[in-house]
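An overview of the molecular structure
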Amino acid sequence: VKIALFGGTGGCGSAFLKYALAADYSIVLQARTPSKVTTAHENLQVVQGDGTSAQDVLEACAGCDVVVSCAGSAPIMESLATNIVAACKACEIDRCYFITSLGMGGSSRTIRCILGTIVGWGNIHDCEAADELILDAGFTAIRPTE
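This one's a predicted model, so the numbers in the text were calculated from it and none came from an experiment. Starting from 1, residues in each chain are numbered consecutively following that chain's sequence as written. Local features are withheld for residues below a pLDDT of 70 in this predicted model, meaning they are given only at 70 or higher, and side-chain atom pairs are given and counted only at 80 or more; totals for whole chains, interfaces and linings count all residues. Only heavy atoms go into the side-chain values, all of them from the structure, while hydrogens and water stay out.

1. Structural notes on the overall build of the chain
- When helices and strands are counted, the chain shows five helices and six strands.
- In terms of overall dimensions, the chain is globule-like: its C-alpha atoms have a radius of gyration of 15 Å, near the 15 Å expected for 146 residues.
- Each of the three principal axes of the chain carries a C-alpha extent, and together these read 45 × 30 × 25 Å.
- Here the chain holds 146 residues, and the buried ones make up 38% of them.
- Contacts between residues were defined by any pair of non-hydrogen atoms, one from each residue, lying within 4.5 Å. Counted over contacts in the chain with a minimum sequence separation of 6, partners at least 24 positions apart contribute 60%.
- Only the protein chains shown count as cover for residues, and the accessible areas themselves come from Shrake-Rupley with a 1.4 Å probe. Summed over all atoms, the accessible surface of the chain reaches about 7,700 Å², with 51% contributed by carbon and sulfur. The numbering of helices and of strands both runs from the N terminus, where a helix is a DSSP run of H or I of at least 4 residues and a strand a run of E of at least 2. Atoms considered for the radius of gyration are the C-alpha atoms alone. The globule rule reads 2.2 Å times the number of residues to the power 0.38. Buried residues are those whose accessible area, probed at 1.4 Å on protein chains only, stays under 20% of the maximum for their type, while exposed residues exceed 50% and partly exposed ones sit between those limits.

Set out below in structure tokens:
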């Protein structure tokens, strides 16, 4: 199985990368700054790209079986989700997992209010729009608890 990974240099993404490589999956990791990727492995291909670029996302997904996104720091989520959904359709990928570690999209009103105060309402709306795009496309949104 070959996985296109977005957001693989952050906390959630680097943990996913470690476990996926240990399970012998092949990974195409798109990074804006490839030098941030400190993992070296024969099953890891690092490509420079930006998740807000439809072309970059399409190129990273070409030839992959699964897409996993662990991105989520800057307000790029809606753009990234739009590009991932389009790339999955173009590359006929039917498994896509969008992991949002803050859990903003499906949180309770209380948690949403707290998170909105901490990370800003623009980030909340960005993540909610991304979740909606992913779920409407029939893909999976994951909100880890640890």
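2. Re the nonpolar core
- Within the largest apolar cluster, 23 residues are counted, with the highest numbers of intra-cluster contacts made by Phe6, Cys61, Val67, Ile84 and Phe98.
- Looking at this core, the elements that each hand over two or more residues are strand E1 (2–6), helix H2 (54–61), helix H3 (77–90), strand E5 (95–99) and helix H5 (121–136).
- No other element matches the seven residues that H3 contributes to this core.
- Apart from residues lying up to four places away in sequence, Phe6 is in contact with Gln30, Val57, Ala60, Cys61, Val67, Val68, Ser69, Cys70, Ala71, Leu80 and Ile84. Throughout this description, the term nonpolar core refers to a set of buried Ala, Val, Leu, Ile, Met, Phe, Trp, Tyr and Cys residues connected via side-chain atoms within 4.5 Å.

3. Regarding the packing of H2 against H3
- Note on method: axes are straight lines fitted to C-alpha atoms, helices fitted across the in-contact stretch only, with angles between N-to-C directions ranging 0 to 180 degrees. Remark: H2 packs on H3, axes separated minimally by 9 Å, with the N-to-C direction vectors making an angle of 45°. It follows that H2 is oblique to H3 by the angle criterion. Judged by the twist between their axes, the crossing of H2 over H3 is right-handed. Mapping the contact onto sequence places Ala54, Val57, Leu58 and Cys61 in H2 and Leu80, Asn83, Ile84, Ala87 and Ala90 in H3.
- Residue classes in the contact of H2 with H3 are distributed as eight nonpolar, one polar and no charged. In these notes the angle categories are as follows: under 35 degrees is roughly parallel, over 145 is roughly antiparallel, 65 to 115 is roughly perpendicular, and the rest is oblique. In this scheme the handedness of a crossing depends on how the near helix is turned from the far one: anticlockwise by less than a right angle means left-handed, clockwise means right-handed. Gly is put with the polar residues, along with every residue not named as nonpolar or charged; the nonpolar set is Ala, Val, Leu, Ile, Met, Phe, Trp, Tyr, Cys and Pro, and the charged set is Asp, Glu, Lys and Arg.

4. Focus: the pairing of E5
- The criterion for strand pairing is that DSSP finds at least two bridges linking the strands in question. The pairing of strand E4 (residues 66–69) with E5 spans four bridges and is parallel. By the bridge assignment, Val68 is partnered in E5 with Tyr97.
- Inspection of the sheet shows E5 paired to strand E6 (residues 140–142) by three bridges, in the parallel sense. Within E6, the residue paired with Phe98 across the bridge is Ala141.

5. What to know about the pairing of E4
- A two-sided burial pattern is seen for E4, the buried positions comprising Val66 and Val68 on one face and Val67 and Ser69 on the other.
- Sheet topology places E1 next to E4; four bridges connect them, and they run parallel. Counterpart to Leu5 in the pairing with E4 is Val68.

6. What about the packing of aromatic side chains?
- Working definition: a ring pair exists when centres of Phe, Tyr or Trp rings (six-membered ring for Trp) sit within 6.5 Å. Plane angles under 30 degrees give stacked, over 60 give edge-to-face, the rest tilted. One pass over the structure, following the stated rule, counts zero aromatic pairs.
- A ring has a charge above it when a Lys NZ or an Arg CZ is no more than 6 Å from the ring centre and no more than 35 degrees off the ring normal. If you follow Lys18 out to its NZ or CZ, it ends over the ring of Tyr19, 5.6 Å from the centre.

7. Things to note about unusual backbone geometry
- Residue Asp24 is not a glycine yet carries a positive backbone phi of 70°.
- Relative to the elements of secondary structure, Asp24 occurs in the loop between helix H1 (11–22) and strand E2 (26–31).
- Phi at Glu92 takes a positive value of approximately 55°, unusual for a residue other than glycine.
- Within the secondary structure layout, Glu92 lies in the loop between H3 and E5.

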